[in-house]
Amino acid sequence: MSTDNVILEMRGISKTFPGVKALQDVTLTVARGEVHGICGENGAGKSTLMKVLSGLHPHGTYEGDILFEAEPCEFKTIRDSEHRGIVIIHQELALSPYLSIAENIFLGNEQATRGVIDWTKTNAEAAKLLARVGLAERPDTKIMDIGVGKQQLVEIAKALSKRVKLLILDEPTAALNDEDSAHLLDLVRSLKEQGVTSIIISHKINEIAAISDAITVIRDGKTIETLDMRGSEKITEERIIRRMVGRALDSRFPERESHIGAEVLRIEDWTVHHPIDQSRKVVDGASLTVSKGEVIGLAGLMGAGRTELAMSIFGRTYGTNISGRIFKDGQEIQTHSVHEAIMHGIAYATEDRKKYGLNLIDDIKRNITSSSLGKLARFGVVDQEEEVLVAERYRRDMNIKTPSVDALVGKLSGGNQQKVVLSKWIYADPDVLILDEPTRGIDVGAKYEIYTIINALADAGKAVVVISSELPELLGICDRIYALSQGRVTGQLPRAEATQESLMHLMTQEKEVTSR
Amino acid sequence: MTAIREYLGRNVRQYGIIGALIVIVLLFQVLTNGRLLMPDNVASLVQQNAYVMILAIGMVMVIVAGHIDLSVGSVVAFVGGIVAIAMDKWNLPWLLAVLIGLVVGALVGVWQGYWVAFVGIPAFIVTLAGMLIFRGLAIVLVGTTIAGLPPGFNAISNGYLGNFLGYVANRDMLTLTIGALAIGGLVLTQFRARATLRKNDLEVEPMAAMVGKLVLFALLLGFLTWVLSGSTGMPIVLVIVGVLILAYTFVLGRTVFGRHIYAMGGNLNAAIMSGVNTRRVNFGIFVNMGVLAGVAAIVTTSRAGAGVAAAGDGFELDAIAAAFIGGTAVTGGVGKVSGAMIGALIMGVLNMGLSIMNVDPSWQKAIKGLVLLAAVAFDLVNKRRAGGR
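The model shown is predicted, which means the values in this text are computed figures rather than measured ones.

Trainee: In this structure, what is going on with the sheet that holds strand β16 (residues 320-328) of chain A? I would like to understand it.
Mentor: Strand pairing within a sheet occurs via backbone hydrogen bonds; the two strands may be parallel or antiparallel. Residue and element names in this part refer to chain A. Reading across the sheet, the four strands line up as β14-β13-β16-β17 and stay open at both edges, with antiparallel pairing between neighbours. In the strand order of this sheet, the two ends are held by β14 (281-291) and β17 (331-333), each with one partner. With strand direction ignored, the average angle separating the axes of adjacent strands in the sheet is 15°. Bridge count for β16 against β17 is three bridges, and the pairing is antiparallel.

Trainee: Which parts of the structure should I look at to understand the domain arrangement of chain A?
Mentor: Reports of interface size often rely on the accessible area that becomes lost once the parts have come together. Annotation of chain A at the domain level lists domain 1 (1-85 + 165-176 + 192-250), domain 2 (95-163) and domain 3 (263-507). Once you take the C-alpha centre of each, domain 1 of chain A and domain 3 of chain A turn out to be 34 Å apart.

Trainee: Is there a simple way to explain the interface of chain A and chain B in this structure?
Mentor: With 35 residues of chain A in contact, the opposing surface of chain B contributes 28 residues. Contact between chain A and chain B buries roughly 2,500 Å² in total, counting both sides, with carbon and sulfur atoms accounting for 57%. Taken together, the connections running from chain A to chain B amount to one salt bridge. Summed over the shared surface of chain A and chain B, the result is ten residue pairs in polar contact (both at pLDDT 80 or more). Of all elements in the fold, only α10 (338-343), α11 (353-357), α12 (364-369), β20 (381-382), α14 (384-397) and α15 (414-427) of chain A reach the threshold of two or more residues within the side of chain A that touches chain B. A total of six residues in the side of chain A that touches chain B trace back to one element, the largest contributor, which is α14(A).

Trainee: What should I look at first to understand empty space enclosed by the protein in this one?
Mentor: Empty space among the atoms becomes apparent when a probe as large as a water molecule is rolled across them. Throughout the structure, instances matching the rule amount to five cavities of 30 Å³ or more. Within this model, the largest cavity holds a volume of roughly 170 Å³. As for the largest cavity, its lining consists of 19 residues, of which Asn359(A), Arg366(A), Asn367(A), Ser370(A) and Ala263(B) are closest to the centre. The element that contributes the greatest number of residues to the lining of the largest cavity is helix α11 (residues 256-266) of chain B, accounting for four residues.

Trainee: Is there a simple way to explain α11(B) in this structure?
Mentor: Two residues of an α-helix separated by three or four positions point the same way, owing to the 3.6 residues in each turn. Burial of α11(B) is extensive: nine of the eleven residues sit out of reach of the surface. Along α11(B), the residues that are buried comprise Val256(B), Gly258(B), Arg259(B), His260(B), Ile261(B), Tyr262(B), Ala263(B), Met264(B) and Gly265(B).

Trainee: What is the right way to look at the nonpolar core in this model?
Mentor: Nonpolar side chains tend to gather and get buried jointly when the protein is soluble and globular. Counting 90 residues, the largest nonpolar core has Trp270(A), Leu309(A), Phe314(A) and Trp425(A) as the members making the most contacts within it. Among the elements that take part in this core, helix α16 (residues 444-459) of chain A stands out by supplying seven residues, more than any other. Counting residues in hydrophobic clusters, the runner-up holds 84 residues, among them Ile57(B), Val60(B), Phe153(B) and Val276(B).

Trainee: Would you mind showing me how to read the packing of helix α7 (residues 151-158) of chain B against helix α10 (residues 236-254) of chain B here?
Mentor: Think of two packed helices as two axes; the pair is described by the angle between the axes and how far apart they sit. Residues and elements named next belong to chain B. Interaxial distance between α7 and α10 falls to 5 Å at its minimum, and their mutual angle equals 65°. From α7, Ala-155, Ile-156 and Ser-157 reach across to α10, where they touch Ile-236, Val-237 and Ile-240. Across the contact of α7 with α10, the residue classes tally to five nonpolar, one polar and no charged.

Trainee: Looking at this structure, how should I read the sheet that holds strand β11 (residues 214-219) of chain A?
Mentor: All names here are of chain A. Read across the open sheet, the six strands follow the order β6-β9-β10-β3-β11-β12; overall the sheet is mixed. Both edges of this open sheet fall to β6 (86-89) and β12 (222-228), since each of them pairs with a single strand only. Between one strand axis and the next, the sheet turns through 20° on average, direction left out of account. Across five bridges, strand β9 (residues 166-170) lies against strand β10 (residues 197-201) in parallel orientation. Across the sheet, the residue bridging to Leu-166 is Thr-197, located in β10. Of the strands in this sheet, β6 and β9 are in contact with helix α5 (residues 148-161), which crosses β6 at around 165°.

Trainee: What should I look at first to understand the side chain of Ser291(A) in this one?
Mentor: Position of Ser291(A) relative to the elements: it lies in strand β14. Among all residues touching Ser291(A), those that are not within four sequence positions of it are Ile260(A), Gly261(A), Ala262(A), Glu263(A), Val264(A), Lys462(A) and Ala463(A).

Trainee: So what exactly am I meant to see when it comes to the environment of Ala329(B) here?
Mentor: All names here are of chain B. Its place among the elements puts Ala-329 in the loop between α14 (315-325) and α15 (337-356). By relative accessible area, which is 7% here, Ala-329 ends up buried. Separated by 50 residues in sequence, Ala-329 and Asp-379 place their C-alpha atoms 9.1 Å apart. Sequence-distant contacts of Ala-329, defined by excluding residues within four places in its chain, comprise Ile-63, Phe-324 and Val-334.

Trainee: Looking at this model, I keep getting lost on the packing of aromatic side chains. Mind explaining?
Mentor: The relation between two aromatic rings is expressed through the spacing of the ring centres and the mutual angle of the planes. Across all of its chains, the model carries ten aromatic pairs over all chains by this definition. Residues Phe78(B) and Phe134(B) carry aromatic rings whose centres are separated by 5.2 Å and whose planes lie at 50° to one another, so their mutual orientation is tilted. Of this pair, Phe78(B) sits in helix α4 (residues 72-88) while Phe134(B) sits in helix α6 (residues 123-142), and the two are 56 residues apart along the sequence. A residue is classified by how much of its surface remains accessible, and Phe134(B), at 6% relative accessible area, is buried. Ring geometry for Trp111(B) versus Trp115(B): centroids 5.6 Å apart, planes at 80°, classification edge-to-face. You can see Trp111(B) and its partner Trp115(B) sitting in helix α5 (residues 94-119), four residues apart, about one turn around the helix. The ring centre of Tyr427(A) lies 4.4 Å from the NZ or CZ of Lys375(A), which sits over that ring. Over the face of the ring belonging to Trp226(B) we find Arg171(B), whose NZ or CZ atom lies 3.7 Å from the ring centre.

The rules we used
- Residues numbered from 1 in each chain as written.
- Chains lettered and ligands numbered in written order.
- Predicted model: local features only at pLDDT ≥ 70, side-chain atom pairs only at ≥ 80, totals over all residues.
- Heavy atoms only, no water.
- Pairing = 2+ DSSP bridges.
- Helix = DSSP H or I, 4+ residues; strand = E, 2+ residues; numbered from the N terminus.
- Axes fitted to C-alpha atoms, helices over the stretch in contact; angles between N-to-C directions.
- Domains from an automatic or database assignment.
- Contact = heavy atoms within 4.5 Å.
- Buried area = accessible area lost by both parts, 1.4 Å probe.
- Salt bridge = Lys/Arg side-chain N within 4 Å of Asp/Glu carboxyl O.
- Polar contact = N/O pair within 3.5 Å; in protein donor to acceptor, adjacent residues only side chain to side chain.
- 1 Å grid on protein atoms, 1.4 Å probe; cavity = no way out; pocket = protein on both sides within 12 Å on 5 of 7 lines; lining within 4 Å.
- Points joined across faces, edges and corners; volume = space filled by probe spheres on them.
- Buried < 20%, exposed > 50% of the residue type's maximum accessible area, 1.4 Å probe, protein only.
- Core = buried A, V, L, I, M, F, W, Y, C linked by side-chain atoms within 4.5 Å.
- Nonpolar A, V, L, I, M, F, W, Y, C, P; charged D, E, K, R; others polar.
- Phe/Tyr/Trp six-rings, centres within 6.5 Å; stacked < 30°, edge-to-face > 60°.
- Lys NZ or Arg CZ within 6 Å of the ring centre and 35° of its normal.

Below, the structure written as structure tokens:
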């Protein structure tokens, strides 16, 4: 690689936090005009490296050199790096929901003359940028009125408005459905043709393998290797995963022999309306069953109504005007409140553990017991000694990596937080466990542990419902998979018959157009 | 040694606030030429600030749950007025009047709790309305002042427990006994908690840190007991406050109700998804605040010896300030009764010391404002440092 072909070179980057070496002598070389993937487990140091690059960790707080377009850079703030044409788009989008698309694009960079905003110019420029990213929305549409996928495109348009040369995307497709993901990746390819270099960080290895020209693997704060994806040697996903975890994963899913018993939960003709737009059916006449010792999967694209179905069953925590029947062990039950649902032996572990699952400013033990304090209490008084013992048991059984159950949950890694969420619901001792995206945002090693826990639950006679956006995951762990599309159950396939293709076919089945 | 330093580092907030209290006490002791800690002043420090401590207990629960209560000052005037009327106009025995005061306080709590918990109006607005409503009602009911209350009632805030146990070396035995029981109880519970942790092989704080903390508290309690036993004896209101502190420390730390308050303040959504009945908990918090405001009203009316329409002016801010100085998080989810009590003491010592020094009340306000700001700033800086990355 000749030097003028290199847009970015990071050399010998080391960064130490109190007690932790986050980065050790990391090297990253990105060629001009390529898409460069960065892979690594959670906590490997990918985000830290990008924070160093963007100036979020200012010059002086790390060791090593950054060369951008062959010039040494000493970024003190994000503004410094953006000035040079380096723009980072974080996993959590930084858009203001009440402002329009155009206002967001030019936020901090207002199209103004002498302090007065030129709205015509703002909207006209925004429209041009939207055309470039392929977003068919009016520039004056409010951000809160468009979906996450489109918001992601607005972020990219905003980056383009800053004359971006190097675009960094941190987990850009984590919250997107397959269609939006595909569109985003197409956009990255077309930006590449326009001369924009991109760095993509992602957990979705198939995606990153498909789009990248080169991939750098980081493990434990060190560069492991940079793989040339356009070379003669074919780089497989297995190879990348092996380098990420440092060991071969002989099988990504643990084996389980199913012992399926009697039906535990049956949902009949379940319909849920949108809480604000009450004429819209989010779940439309869905029916499903799950039995003792069985793991079923719910597959569907974003907006298919999987989470909404689960939450409406779990104490009507989503939706309005809910109709349908729930049978537990053959008896019809009502689940009007979360408390009622728990009493009937139903548990729901949320997809958004930070928002709905955990009290991040409280400790591990109190989070674990929070759904079942009644079990620990006599006359309303909590037995704290017993509570510690319970928490200790789950720490051991679930392999939660923490020095103490008194540690704050907010300080744990994503995988360990997920184990706390699971512990909380397993301690509630339900008959039916609904796990919504149980492995989202956690690393490969921890995923395997979660799968093992799911298998153990099924072996213990629980009925498990897994909602996941990753089809291989559903195929790997479920006995039976339901596909949802636009709120309807469009089919179910036993594990033996299900393939990614057959599921995707059901997941994209459109509703017949009825007269409106 | 490093273990202790590390432990102190992690708990700097807890020790910092106690240290601040001690520094402020010593400072005023010097500035007032030793008058701050004279026996009569110690007794009236307790008697004059009992209302802050009582209200701060309820306020901690309100703030931890993520709410605020701006109405407590007006509620104190309203309930105090009714209690005074019950004795003066209706000629009811004072004990019955006290009971009526507690019930009316609870009803006020029911009223505000209903709007917050069941209708879903933010507590800031409900209690802002309550602030106006109950102040107005107090003025309507009381006019300006209802004086001439029975001595039994006035003794609640101005009287002392009799010396049933006689004197030893010119010191009231009853006060000494209560003090000794308090210190003994404190030491015993701490060691038992430690033993339980030990038994289950769990991390315990370093022995030196615990002993240091206990010695500090024992000295504080011991000093208070010693001073009071040598002069006035045990103020009745101190017994009331002491019982409330113990009871609410237990409620917040050990009961399901208390734990649900922390869960809601820490992450409301997660609490709902864990099956916490948030309406009932919110309702309970405000009913409880109403009852405590009733207690504060009784104490305040008794202290003044009269029902006053303007009573309790600014009490809500004193209570909120005490809670925040004591480390209660503005965003909810974090806070302790013990912290708020130390916060209330800091405010009380400031009041007392500045009054003894004849500092203009306007300046007193300004100084208290600065102390509140400093305490919360200290907290934030600290958290940022602890947060590290």
